Amino acid sequence: SSVIIVKTKNKGGLVMKKVICLCILAVLCLCVLLPGRGQAVATSGTCGKGATWSFDTMTGTLTISGTGRIDLDYQNPWSDIKSTVTRIVIEEGITYLCEFAFSEFSEVKEVVLPESISAIGQWAFQGCTKLESINLHDKIEGTGPTCFAGTALTEVTLPKGIKRIEGGTFLNCINLTKVICQNETIQVDDNAFKGCVSLKSGTIPTSVTSISGSAFSYCG
């Protein structure tokens, strides 16, 4: 880059112009090196072929609308706001939450699911360390491995459609005190409740045919 200097008879004015030009040049260089600075944070967008999202900055609520699957294609459209979301509302019409959908949303406390949701992918809420409330209705037929690992859930009644509690589903949920598995559950996999150190009560139906040896490890 070059600096254009306009010569005048006033040497003091010439020096001042040099200083101003150099300051402008420095600012432009910083803008090039830090392209993300000053850009507005997105508060809406798409998160699937028929799904859209919007974020209310006043209430901290992330709302998912539309139809079909939440599918991020290994991208995170809300990475800039995930640390400020306190509530997630998924509206009727959304059918599936993909893997990592809301992983590591560190401030979210409540998730509201519609009855149109049929399955939740692995790691979907993993690491949501303040998540205390989610309505797991009976139309949900599957939750992926480590789906709720590390959350702050205290009591869980698994949907009737859940036939298999996948590996690590509630891994290290240290606040979990009570679990109720309903009649359709037939298998509890590795590490399903491992590290749930506060777990005091569990209801296992007679339909269960297999419980992994590490399913309840470290549930003191």
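Since the model is a prediction, treat every value here as computed from it, not as a measurement. (Residues numbered from 1 in each chain as written. Predicted model: local features only at pLDDT ≥ 70, side-chain atom pairs only at ≥ 80, totals over all residues. Heavy atoms only, no water.)

What about the pairing of strand E5 (residues 87–90)?
Both strand E3 (residues 61–66) and E5 contribute to a ladder of four bridges, which runs parallel. For Ile64, the partnering residue across the bridge sits in E5 and is Ile90. In this sheet, strand E7 (residues 110–112) lies alongside E5 in parallel orientation, the contact comprising three bridges. Each bridged residue has a counterpart across the sheet, and for Arg87 the counterpart in E7 is Glu110. (Pairing = 2+ DSSP bridges. Helix = DSSP H or I, 4+ residues; strand = E, 2+ residues; numbered from the N terminus.)

Considering the packing of aromatic side chains
Under the definition given, this model contains nine aromatic pairs. Measuring from ring centre to ring centre gives 5.7 Å for Trp53 and Trp78, while their planes differ by 90°; the resulting arrangement is edge-to-face. Of the two residues, Trp53 sits in strand E2 (residues 51–56) while Trp78 sits in the loop between strand E4 (68–70) and E5, which places them 25 residues apart along the sequence. Accessibility classification places Trp53 together with Trp78 in one group, the buried group. Considering the side-chain rings of Phe148 and Phe170, the 5.6 Å spacing of their centres and the 15° angle between planes classify their relative orientation as stacked. Taken as a pair, Phe148 in the loop between strand E10 (142–143) and strand E11 (155–157) and Phe170 in the loop between strand E12 (164–165) and strand E13 (178–180) lie far apart in primary sequence, 22 residues in all. Both residues of the pair, Phe148 and Phe170, count as buried. A network of ring pairs unites the aromatic residues Trp53, Trp78, Phe102, Phe105, Phe125, Phe148, Phe170, Phe193 and Phe216 as a single cluster. (Phe/Tyr/Trp six-rings, centres within 6.5 Å; stacked < 30°, edge-to-face > 60°. Buried < 20%, exposed > 50% of the residue type's maximum accessible area, 1.4 Å probe, protein only.)

Focus: the side chain of Ser65
The topology assignment puts Ser65 in strand E3. Reaching out from Ser65, the side chain makes a polar contact with the side chain of Glu91 at a distance of 2.9 Å. The residues touching Ser65, leaving out its near neighbours within four places in the chain, are Gly50, Ala51, Thr52, Glu91 and Ile94. (Polar contact = N/O pair within 3.5 Å; in protein donor to acceptor, adjacent residues only side chain to side chain. Contact = heavy atoms within 4.5 Å.)

Let's talk about the pattern of salt bridges
Inspection of the entire model under this criterion finds five salt bridges. Measuring nitrogen to oxygen at the nearest pair gives 3.8 Å for the salt bridge that ties Glu166 to Arg164. Note on Glu166: relative accessible area 22%, which makes it partly exposed. Between Arg164 and Asp189 there is a salt bridge whose closest N-O contact spans 2.6 Å. Within this pair, whereas Arg164 is found in strand E12, its partner Asp189 is found in the loop between strand E14 (187–188) and strand E15 (201–203), the two being separated by 25 residues in sequence. Relative accessible area serves as the criterion here: at 42%, Arg164 is assigned to the partly exposed category. Owing to a relative accessible area of 8%, Asp189 belongs among the buried residues under this scheme. Linked by salt bridges that have partners in common, Arg164, Glu166 and Asp189 make up one network. (Salt bridge = Lys/Arg side-chain N within 4 Å of Asp/Glu carboxyl O.)

What to know about the nonpolar core
Counting 51 residues, the largest nonpolar core has Leu62, Trp78, Leu97, Phe102, Ile120 and Phe125 as the members making the most contacts within it. Elements with a contribution of two residues or more to this core: E2, E3, E5, strand E6 (94–97) and strand E8 (119–120). Filtering out sequence-adjacent residues up to four positions away, Phe102 remains in contact with Leu62, Ile64, Ile70, Trp78, Ile88, Ile90, Leu97, Ala124, Phe125 and Cys128. (Core = buried A, V, L, I, M, F, W, Y, C linked by side-chain atoms within 4.5 Å.)

Focus: the confidence of the model for the protein chain
The predicted model of the protein chain has a mean per-residue pLDDT of 87, with 82% of residues at 70 or higher. For the stretch residues 30–38, pLDDT sits under 50, and the model shows zero contacts to residues farther than four places along the chain or on other chains. (pLDDT = per-residue confidence, 0-100.)

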